[in-house]
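# Architecture and fold: a report
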Amino acid sequence: MLSTELAGVKLQNPTVLASGIRGVTGASLVYMAKEGAGAVTTKSISLNERKGHPNPVIVTYDQGMINAVGLSNPGVKDAVPELEYAVKNARVPVIASIFASTITEFGKVAEAVSQANPDIIEVNISCPNVEDEFGRPFACDPGISTVVMKKIKKVTSIPAFAKLTPNVSRIGEIAEAVEKGGADGITAINTVGPGMLINIEAATPVLSNKVGGISGPAIRPIAVKCIYDIHKSTKLPIIGTGGATTGRDAVEMIMAGASAVGIGSGVYYRGPGVFKAVAKEIQEFMDTEGYKSIEEMRGIAHEDQ
Amino acid sequence: MKTNEFIVKRIEEVLPESEDSKTFVLPYNLKSKPGQFVMVWLPGAGERPISISGEKDGKFSVSLCAVGPVSEAICKLKKGDKLGFRGPFGTQFSIPKDSTSLAMVGGGYGSAPLAYLTEVAIKEGKKVYFIEGARNRNRLLFINRMKKAGAEVLIATDDGSEGVKGYSTDVLKNILKMHKIDKVFTCGPEIMMKKTVQISEELGVPSEVSIERYMKCGFGICGQCAIDEEGICLCKEGPIISGKRALSLTEFGRYRRDSTGKKVEW
């Protein structure tokens, strides 16, 4: 009843461990799978190792979280064995998140991670925390977004999802652009902002990077709106991500058009048990309201459905 | 909704501990338990996880050794300077209710959470053997504080400049053979902790260890401090775990991961 599908990849339940959350090691991904995640996503992998920003890189505030980890990762050479471990042991679909600063490099990373045979490749073209280094994310430009996805599709046969940023005026246009490039699905949204927190006793920004992406319950309505807009523009499967911590939040995203729901900061708010809890809460809602499948609820908040 | 924004306070007291380490007392009721840690932030210098070395009367302390750029900068701070922190984070040491005698095995500044635990344990009426190992007498920490608290202090130094010449684990072995010890607690270099747990297990004494890994968030989401092969995050499901469980971790005493996630051998 809770099963869902992402570009032919079957999930036992619609919860997905979002990228950047407990996704550094293969064993960590397997642990989250055992905790009930329907699928797990690695932390973004780049061609070469990246140290990321110095601490502090992440803190929480009233209704959310701000982070600028800075895409730290060991590079494909050391990240692929971790991915292989997860693919071999997770027993749920594994999504490899990849990041690069050029089109050519995106191709190389996609090729390298494909060797580990993940179920989906998530193409992170939307990280807001490395703008000083790389400028505006690719997902802010429809033309470049198309080209990146074309490149990925040329080098791998594994389904490719584009991870989009909400920090654009019309996300539907970007969704159409990645579909044109051959994307098999979309993950939305990446963090909002960037934003800034200043500690007033210290009279200085809290993060070493000064600015960071905002996630958590505070951004959920933005995520829901983006999912809604994307579903209106394209019928690609969507992993709706952004502040969902309960089954009700997940259903809201599904009704906006998501086929699965990413959970990130929810792991902080409710612990690793969040996946089982959310799945159970979705089930309870469906029982109460008489829904028989995730697909039946998908996109029904749209007027034309 | 829970948050862990930084709290910034003025340092109330700076206590020199050894030639390269200091204790900083902060006026804040953290409600911590022995074994937990805080992310300490010095604006402009950075942030790092540090074990809580004591808490009472609405004040807590952290003790650190100047080993890297952040800790070096913190060690230069004086009374009245501002220091930020968030926490407390992580699991705590657990003193068995029905225990009478406990042994602590600390190495270097790893003794910090054990000093805190010792004070709490003695208050609960336990007999504590506080074993500390260091390179030489100038590197010893908390010795007077532990004696004052009522612990039986045993010292091992590499050069024999104080206590016995040799390892703290050898001292532990003798104590475990001579006395009935209900539980062993250890914090310090990982190889020392592994040896401590192995000795304790051989003699059938339960133990707890404090495992340190590179940490970023401190609250169980970034995944940087995940340890193989269970995949648990040591900032959340640790840093305190049973010695038996630690021995079952394939990573324990063998390697760790750096800030990128790359494996580094001990």
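Our structure's up above, just so we're on the same page.
Residues numbered from 1 in each chain as written. Chains lettered and ligands numbered in written order. Predicted model: local features only at pLDDT ≥ 70, side-chain atom pairs only at ≥ 80, totals over all residues. Heavy atoms only, no water.

What follows deals with the overall build of chain B. Counting its regular elements, chain B contains six helices and 18 strands. By the compact-globule yardstick of 18 Å for 266 residues, chain B fits well, its C-alpha radius of gyration being 17 Å. Reported as C-alpha extents along the three principal axes, the dimensions of chain B are approximately 50 × 40 × 35 Å. Considering chain B as a whole, with its 266 residues, one finds that 56% of them fall into the buried category. Restricting to contacts in chain B with at least 6 residues of sequence separation, those with at least 24 account for 63%. (Helix = DSSP H or I, 4+ residues; strand = E, 2+ residues; numbered from the N terminus. Rg over C-alpha atoms; globule rule 2.2 N^0.38 Å. Buried < 20%, exposed > 50% of the residue type's maximum accessible area, 1.4 Å probe, protein only. Contact = heavy atoms within 4.5 Å.)

Residues and elements named next belong to chain B. Counting buried positions over the six residues of strand E4 (residues 37–42) gives six, a clear majority of the element. The two faces of E4 match: Phe37, Met39 and Trp41 on one face and Val38, Val40 and Leu42 on the other face are all buried. When E4 meets strand E5 (residues 46–56), the two strands line up antiparallel, connected through six bridges. Counted as the bridge partner of Leu42 is Gly46 from E5. Counting the residues in the hairpin turn of E4 and E5 gives three residues, including Gly44, whose phi is positive at 95°. Bridge count for E4 against strand E7 (residues 82–89) is four bridges, and the pairing is antiparallel. Across the sheet, the residue bridging to Phe37 is Phe89, located in E7. (Pairing = 2+ DSSP bridges.)

Right, let's talk about the interface of chain B and chain A for a bit. On the chain A side, the residues contacting the 38 residues of chain B number 40 residues. Between chain B and chain A the total buried area reaches about 3,400 Å² when both faces are included, carbon and sulfur atoms providing 56% of it. At the boundary of chain B with chain A, the tally comes to four salt bridges. Here Arg257 of chain B ties to Glu82 of chain A by a salt bridge, and the two come within 2.7 Å at their closest N and O atoms. The interface formed by chain B and chain A includes 14 residue pairs in polar contact (both at pLDDT 80 or more). (Buried area = accessible area lost by both parts, 1.4 Å probe. Salt bridge = Lys/Arg side-chain N within 4 Å of Asp/Glu carboxyl O. Polar contact = N/O pair within 3.5 Å; in protein donor to acceptor, adjacent residues only side chain to side chain.)

Residues and elements named next belong to chain B. With respect to topology, seven strands assemble into an open sheet ordered E11-E10-E9-E8-E12-E13-E16, the strand pairing being mixed. Each edge of the open sheet carries a strand with a single partner, namely strand E11 (164–165) and strand E16 (240–242). Strands strand E8 (101–107), strand E9 (127–134), strand E10 (152–157), E11 and strand E12 (183–187) of the sheet are contacted by helix H4 (residues 168–178), whose axis makes an angle of about 155° with E9. Against the sheet, helix H5 (residues 190–202) engages E8, E12 and strand E13 (207–210), with an angle of about 170° to E12. (Axes fitted to C-alpha atoms, helices over the stretch in contact; angles between N-to-C directions.)

Enumeration over the complete set of coordinates arrives at 11 aromatic pairs over all chains. Arranged with centres 6.2 Å apart and planes meeting at 50°, the rings of Phe106 of chain A and Phe138 of chain A form a pair that is tilted. Here Phe106 of chain A is found in helix H3 (residues 103–114), whereas its partner Phe138 of chain A is found in the loop between helix H4 (131–134) and helix H5 (142–155), with 32 residues between them in sequence. Classification of Phe138 of chain A by relative accessible area gives buried; the value is 19%. One Lys or Arg, Lys127 of chain B, reaches over the ring of Tyr129 of chain B and ends 4.9 Å from the middle of that ring. The positively charged end of Arg256 of chain B is found above the aromatic ring belonging to Trp266 of chain B, 4.5 Å away from the centroid. (Phe/Tyr/Trp six-rings, centres within 6.5 Å; stacked < 30°, edge-to-face > 60°. Lys NZ or Arg CZ within 6 Å of the ring centre and 35° of its normal.)

Bringing the packing of helix H8 (residues 247–256) of chain A against helix H10 (residues 274–289) of chain A into the picture now. All names here are of chain A. One can describe the packing of H8 onto H10 by two numbers: an axis separation of 7 Å at closest approach and a directional angle of 65°. On the basis of their axis angle, the class for H8 and H10 is roughly perpendicular. Crossing handedness for the pair H8 and H10: right-handed. Between H8, through Gly247, Arg248, Ala250, Val251 and Met255, and H10, the contact on the second element is made entirely by Val278, Glu281, Ile282 and Phe285. Class assignment for the residues of the contact of H8 with H10 results in six nonpolar, one polar and two charged. (Parallel < 35°, antiparallel > 145°, perpendicular 65-115°, else oblique. Left-handed = near helix turned anticlockwise from the far one by under 90°. Nonpolar A, V, L, I, M, F, W, Y, C, P; charged D, E, K, R; others polar.)

Take the environment of Ala139 of chain A next. Residue and element names in this part refer to chain A. Note on placement: Ala139 falls in the loop between H4 and H5. Look at Ala139 and you get buried, because its relative accessible area is 0%. Note: C-alpha distance between Ala139 and Ile174 (35 residues apart in sequence) is 6.9 Å. In this structure, Ala139 is in contact with Ile125, Ser126, Ser145, Lys163, Leu164, Thr165, Val168 and Ile174, ignoring residues within four places of it in sequence.

Now for the pattern of salt bridges. Within this structure, the stated rule accounts for 29 salt bridges over all chains. A salt bridge links Lys262 of chain B to Asp78 of chain A; the nearest nitrogen and oxygen atoms lie 3.9 Å apart. Here the residue Lys262 of chain B occupies a position in the loop between strand E17 (255–257) and strand E18 (263–265), and Asp78 of chain A occupies one in helix H2 (residues 76–89), the pair thus bridging two chains. We note a salt bridge from Arg213 of chain B to Glu251 of chain B, for which the minimum N-O separation is 2.7 Å. One end of the pair, Arg213 of chain B, is in the loop between E13 and strand E14 (226–227); the other, Glu251 of chain B, is in the loop between helix H6 (243–248) and E17, and 38 residues separate them in sequence. By the burial criterion, Arg213 of chain B is buried, and Glu251 of chain B matches it.

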